[in-house]
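# Survey of secondary and tertiary structure
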Amino acid sequence: MLDPAGPAAQHVSSLWWAMFFGAAFLFALVMVLLAIATRRPRLLAAWSERSWLVAGGLVLPALVLPPLTVYGLVIGERATPVASADVLRVEAVGRRWLWEFAYPEQAPEGARTRTVLHIPAGRPVDVHIRSEDVIHSFWVPRLAGKMDAIPGHVNVLRIQVDQPGVYRGVCAEFCGLEHATMSFIVRAHPGGDYANALREALEGTTP
Amino acid sequence: MTPHRATLDLALFCAGFLIWSSAFLALYGVQGLGCSAGWADVRFGSVTLLRPLLIAIWVAHLAALLALAFWTRRRMRDGANFLRRAAYAMSCVAGLATIWTGAPILGLTMCN
Ligand SMILES: [Cu+2]
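From a predicted model like this one, the values you see are computed outputs, not experimental measurements.

Scanning chain B from terminus to terminus reveals three helices and two strands. Helices and strands in chain B line up, N terminus first, as α-β-β-α-α. Scaling as 2.2 N^0.38, a compact globule of 112 residues should have a C-alpha radius of gyration of about 13 Å, whereas chain B reaches 17 Å, well beyond that. Along the longest, intermediate and shortest principal axes, the C-alpha atoms of chain B span 55 × 20 × 20 Å.

In sheet architecture, strand pairing relies on hydrogen bonds along the backbone and comes in two forms, parallel and antiparallel. All names here are of chain A. Pairing is mixed across the open sheet formed by five strands, whose spatial order is β4-β10-β9-β6-β7. Bordering the open sheet on either side are β4 (116-120) and β7 (147-149), each of which pairs with just one other strand. Each adjacent strand pair in this sheet contributes to an overall mean axis angle of 30°, direction not counted. As judged from the two bridges shared by strand β6 (residues 136-139) and strand β9 (residues 165-171), these two strands associate in the antiparallel manner. Of the residues in β9, the one forming a bridge with Phe138 is Cys171. Along the sheet, helix α4 (residues 194-202) makes contact with β4 and β10 (184-189), crossing β4 at roughly 160°.

Moving on, we come to the packing of aromatic side chains. All names here are of chain A. All told, the structure shown has 13 aromatic pairs over all chains when counted by the stated rule. Geometrically, the ring pair formed by Trp16 and Trp17 is edge-to-face, given 4.9 Å between the ring centres and 90° between the ring planes. According to the relative accessible area criterion, Trp17 is partly exposed, its value standing at 35%. Clustering of aromatic rings is evident, with ring pairs tying together Trp16, Trp17, Phe20 and Phe21. Cation over ring: Arg96 sits above Trp97, and NZ or CZ is 6.0 Å from the ring centre. One residue, Lys146, lies across the ring of Trp139, its end atom 4.6 Å from the ring centre.

Let's shift gears to the nonpolar core. By size, the foremost hydrophobic cluster in this structure holds 34 residues, and its most contacted members are Trp99, Tyr103 and Phe138 of chain A. Of all elements in the fold, only β1 (88-95), β2 (98-102), β4, β5 (125-131), β8 (155-159), β9, β10 and α4 of chain A reach the threshold of two or more residues within this core. Judged by nonpolar contacts, the second largest core, of nine residues, contains Leu27, Leu50, Leu54 and Ile57 of chain B.

Quick look at the pairing of β1 of chain A now. Residues and elements named next belong to chain A. Judged by how many residues are buried, β1 sits mostly within the fold: six of eight residues are covered. Across seven bridges, the pairing between β1 and β5 is parallel. The residue bridging Glu91 from the neighbouring strand is His128, located in β5. In this sheet, β2 lies alongside β1 in antiparallel orientation, the contact comprising five bridges. Each residue of the ladder has a partner; that of Val93, found in β2, is Glu100. Hairpin remark: β1 followed by β2, antiparallel, with two residues in the connecting loop.

What follows covers the interface of chain A and chain B. Interfaces are often sized by the accessible area lost when the parts come together. The partner chain B presents six residues to the seven residues of chain A that form the contact. Each partner contributes to the roughly 530 Å² buried at the junction of chain A and chain B, and carbon and sulfur atoms together form 67% of this total. Contact with chain B buries area across many residues of chain A, yet Leu73, Glu77 and Thr80 of chain A alone supply 60% of it, more than any other trio. Summed over the shared surface of chain A and chain B, the result is zero salt bridges. Grouping the amino acids of the side of chain A that touches chain B by side-chain chemistry returns four nonpolar, two polar and one charged.

This part is about the pattern of salt bridges. Close approach of charged atoms allows side chains with opposite charge to pair. Residue and element names in this part refer to chain A. Under the definition given, this model contains twelve salt bridges over all chains. Between Arg95 and Glu132 there is a salt bridge, with the nearest N and O atoms lying 2.9 Å from each other. Of this pair, Arg95 sits in strand β1 while Glu132 sits in the loop between β5 and β6, and the two are 37 residues apart along the sequence. The closest approach of N and O atoms between Arg96 and Asp133, which form a salt bridge, is 3.8 Å.

With that settled, the discussion passes to the pairing of β10 of chain A. Here β4 of chain A pairs with β10 of chain A via five bridges, running parallel. Counterpart to His118 of chain A in the pairing with β10 of chain A is Arg187 of chain A.

Cut-offs applied
Residues numbered from 1 in each chain as written. Chains lettered and ligands numbered in written order. Predicted model: local features only at pLDDT ≥ 70, side-chain atom pairs only at ≥ 80, totals over all residues. Heavy atoms only, no water. Helix = DSSP H or I, 4+ residues; strand = E, 2+ residues; numbered from the N terminus. Rg over C-alpha atoms; globule rule 2.2 N^0.38 Å. Pairing = 2+ DSSP bridges. Axes fitted to C-alpha atoms, helices over the stretch in contact; angles between N-to-C directions. Contact = heavy atoms within 4.5 Å. Phe/Tyr/Trp six-rings, centres within 6.5 Å; stacked < 30°, edge-to-face > 60°. Buried < 20%, exposed > 50% of the residue type's maximum accessible area, 1.4 Å probe, protein only. Lys NZ or Arg CZ within 6 Å of the ring centre and 35° of its normal. Core = buried A, V, L, I, M, F, W, Y, C linked by side-chain atoms within 4.5 Å. Buried area = accessible area lost by both parts, 1.4 Å probe. Salt bridge = Lys/Arg side-chain N within 4 Å of Asp/Glu carboxyl O. Nonpolar A, V, L, I, M, F, W, Y, C, P; charged D, E, K, R; others polar.

Take a look at the structure:
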């Protein structure tokens, strides 16, 4: 999450850092005020109790929370999958306790890879996420936020990888005994190699 | 003050945030229902059915809150006491909260 490898994760990470430094600053401010309150209480008495309440309880949150909300909404809006000709569609199916991946645009029905999702680098990919039993959650920390896999419902998560490589993913919603082992790998291939790599990975899996 | 009128003031005190919660619930529910029922795909020219519907729900609640604010202000002017001042303040705050929590329906992507 702190080492983003794609645009969606980049936004999440920038929000995280903004909140981290904001929280660190406010924590330091409170500690300084606390120190002053114990050592030089007269300094604080320059403001009435009422002003402290209004400043700390109304003005400060009004300055901090609305901008954070708007920023969060903008990031969420950018992560929302909008129709585009360039997008590749893949499917992720969660089941106790493993992930399977299907490629409706590239491979025949029923051809699935287990625990490895193959995608091309440098191209947006819509992962259509669903579950065959209980609620799971699809999470590749370096690529995007979490998205739940819910029985009877398809959720879509837009991911994009800038560099070819291997990115680890986990199930992020407790789903039973083997939940902790329900991990997977996203393998991003260079754009030109993708079709071949996927064909190789699917070899022998087609029923 | 008669007991009956205090009861009314108490009801008015609660009314603002009851309307707020009604707006929240209605927007939340109709948005999800509309998306799954495909109302966002029903088009009239460039407008889809769902967004105007949500905006209508929102505006109706805001109108109710505005009326409530005028009503509670008048009662406060007729004879101010703590409950009446608080009822007026609560309807104003509930109005602001409804504007804030509902405003995203104006711009954000509806479904997906
Ligand atoms: Cu799981």
